[in-house]
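Architecture at a glance
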Amino acid sequence: MSCPCIILSSGQKIPIMGLGTWKSAPGQVKQAVLSALDCGYRHIDCASAYGNEHEVGEALKERVGLGKTLQREDVFVTSKLWNTQHHPDDVEPACRKTLADLDLGYLDLYLMHWPMAFQRGTEVMPRNMDGTIRYADTHYRDTWKAMEMLVDQELVKAIGLSNFNSRQIDDVLSIAKHKPVVNQVECHPYLIQSQLLSHCGDQGVAVTAYSPLGSPDRPWAVSGKPLLLEDPRVLDIARQYNKTPAQVIIK
């Protein structure tokens, strides 16, 4: 199956459908990646904070490489720099750790996961005694400059952003040598992001939608809130076109 692509400002082709690996449980994510590759997915979206890149790498090793079903250039792999690794000295080691876990020589795309820095260290979510997050004062512009060096070193093909608003995108663009090619944000019919989509389009930054089905099992979901997959309008369209609600939303 051929997967449709769009062209990024870097000239790369990125498949429009990708398998996200957030919340994929240990022992299950490998099979999910294998199944996705076997049924035609060519874009795998990862992140160090998901804690499962080693297992994703096992799946990639089984399907990608010399004598395998796919060659490296056939698969587009995205990963993300976590908030505790925003200090410029931590960016390259973080990227190299992801590459080692995924057993890859390069990433097609490396994103800054969030526009804020947490205290450096091994804790994914470092907290103060009162339970609040322990932030650091590293500015995302300094982090971006360190990420640009990854492109120069050919560790990554391109770099981008995640969860950035329009002002923050413009802030990065004002100092960028390597332009962010993507901004990955939550986007679905309950959060259409129309102004952000328009701004990114004007700046030549592609938008990747995460949680396109509304993430019904998100940890912060409030009981009784409507579920996108059960929205009557979505169900009506699905019946009209003989499709599943998920197919309608993703389309």
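Structure report, in brief.

Analysis parameters
- Residues numbered from 1 in each chain as written.
- Predicted model: local features only at pLDDT ≥ 70, side-chain atom pairs only at ≥ 80, totals over all residues.
- Heavy atoms only, no water.
- Helix = DSSP H or I, 4+ residues; strand = E, 2+ residues; numbered from the N terminus.
- Buried < 20%, exposed > 50% of the residue type's maximum accessible area, 1.4 Å probe, protein only.
- Areas by Shrake-Rupley, 256 points an atom, 1.4 Å probe, with all protein chains shown as cover.
- Lys, Arg positive; Asp, Glu negative; His and termini not counted.
- Charge placed at Lys NZ, Arg CZ, Asp CG, Glu CD.
- 1 Å grid on protein atoms, 1.4 Å probe; cavity = no way out; pocket = protein on both sides within 12 Å on 5 of 7 lines; lining within 4 Å.
- Points joined across faces, edges and corners; volume = space filled by probe spheres on them.
- Nonpolar A, V, L, I, M, F, W, Y, C, P; charged D, E, K, R; others polar.
- Pairing = 2+ DSSP bridges.
- Right-handed = clockwise from strand over helix to strand, strands pointing away.
- Contact = heavy atoms within 4.5 Å.
- Core = buried A, V, L, I, M, F, W, Y, C linked by side-chain atoms within 4.5 Å.
- Salt bridge = Lys/Arg side-chain N within 4 Å of Asp/Glu carboxyl O.
- Phe/Tyr/Trp six-rings, centres within 6.5 Å; stacked < 30°, edge-to-face > 60°.
- Lys NZ or Arg CZ within 6 Å of the ring centre and 35° of its normal.

Turning next to the overall build of the protein. For the protein, the count of helices and strands is 8 helices and 9 strands. Here the C-alpha coordinates of the protein stretch approximately 55 × 50 × 40 Å along the principal axes. Relative to its full complement of 251 residues, the protein shows a buried share of 43%. Element-wise, carbon and sulfur atoms account for 53% of the exposed surface of the protein, whose accessible area totals about 13,300 Å². Averaging the coordinates of the 26 positive side-chain charges in the protein and doing the same for the 29 negative ones gives two points 4 Å apart.

Our next topic: the layout of surface pockets. Roughly 250 Å³ of internal volume is contained in the second largest pocket. Residue lining of the second largest pocket: 17 residues in total, with Ser-48, Ala-49, Gln-85, Lys-97 and Val-124 positioned closest to the centre. When residues of the lining of the second largest pocket are traced back to their parent elements, those giving at least two are helix 2 (53-63) and helix 3 (88-102). The element contributing the most residues to the lining of the second largest pocket is helix 3, with 4 residues. By residue class, the composition of the lining of the second largest pocket is 4 nonpolar, 9 polar and 4 charged.

Of all 6 residues in strand 5 (residues 76-81), 6 are buried, a share of seventy percent or more. For strand 4 (residues 43-45) and strand 5, the ladder comprises 3 bridges, and the chain directions are parallel. Bridged to His-43 within strand 5 is Phe-76. The parallel pair strand 4 and strand 5 is bridged by helix 2, and the resulting crossover is right-handed. With 4 bridges connecting them, strand 5 and strand 6 (residues 109-112) associate as parallel partners. Of the residues in strand 6, the one forming a bridge with Ser-79 is Tyr-110. Each parallel crossover has a hand, and the one from strand 5 via helix 3 to strand 6 is right-handed.

Attention shifts here to helix 2. For helix 2, the complete set of buried residues consists of Glu-53, Glu-55, Val-56, Gly-57, Ala-59, Leu-60 and Arg-63. Looking at the buried side of helix 2, the elements it contacts are helix 1 (29-38), strand 4, strand 5 and helix 3. Where helix 2 ends, the next residue or the one after it, Gly-65, has phi of about 135°, a positive value.

For soluble globular proteins, the rule of thumb is that nonpolar side chains tend to be buried together. Ranked by size, the top nonpolar core spans 42 residues in total, and within it Leu-60, Leu-107, Tyr-110 and Val-156 carry the most contacts. Excluding residues within four positions of it along the chain, Leu-60 makes contact with Leu-37, Val-75, Val-77, Leu-102 and Leu-104. Core analysis: the next-biggest nonpolar cluster, separate from the first, contains 9 residues, Leu-8, Ala-158, Val-182 and Ala-206 among them.

A side chain with one charge may pair with a side chain of the opposite charge, provided their charged atoms come close. This model, assessed by the stated rule, comprises 15 salt bridges. Arg-96 is the salt-bridge partner of Glu-92, the closest N and O atoms lying 2.8 Å from each other. Within this pair, Glu-92 and its partner Arg-96 are both found in helix 3, separated by 4 residues, close to a single helical turn. Assessed through its relative accessible area of 43%, Arg-96 is described here as partly exposed. What you see here is one network of salt bridges that share partners, running through Lys-30, Asp-38, Glu-58, Glu-62 and Arg-63.

Time to look at the sheet that holds strand 6. The strand order 3-4-5-6-7-8-9 describes an open sheet built from 7 strands, whose pairing is parallel. Edge positions in the sheet fall to strand 3 (19-20) and strand 9 (206-210), since each of these pairs with one other strand and no more.

Moving on: the packing of aromatic side chains. With the rule as written, the count across this model stands at 3 aromatic pairs. Judged by centre distance (5.5 Å) and plane angle (75°), the ring pair of Phe-118 and Tyr-135 falls under edge-to-face. Placement of the pair is Phe-118 in the loop between strand 6 and helix 4 (140-152) and Tyr-135 in the loop between strand 6 and helix 4, with a sequence separation of 17 residues. Residue classification places Tyr-135 among the exposed positions, given a relative accessible area of 53%. For the ring pair Tyr-140 and Phe-164, a centre distance of 5.3 Å and an interplane angle of 70° mean the geometry is edge-to-face. Taken together, the positions of Tyr-140 in helix 4 and Phe-164 in the loop between strand 7 (159-162) and helix 5 (166-173) put the pair 24 residues apart, joining distant regions of the chain. Accessibility expressed as a relative area gives 6% for Tyr-140, which makes it buried. Relative accessible area serves as the criterion here: at 2%, Phe-164 is assigned to the buried category. Of the aromatic side chains, those joined through ring pairs into one cluster are Trp-82, Phe-118 and Tyr-135. A cation sits over an aromatic face here: Lys-23 above Trp-22, 4.3 Å from the ring centre. The positively charged end of Lys-157 is found above the aromatic ring belonging to Tyr-106, 4.7 Å away from the centroid.

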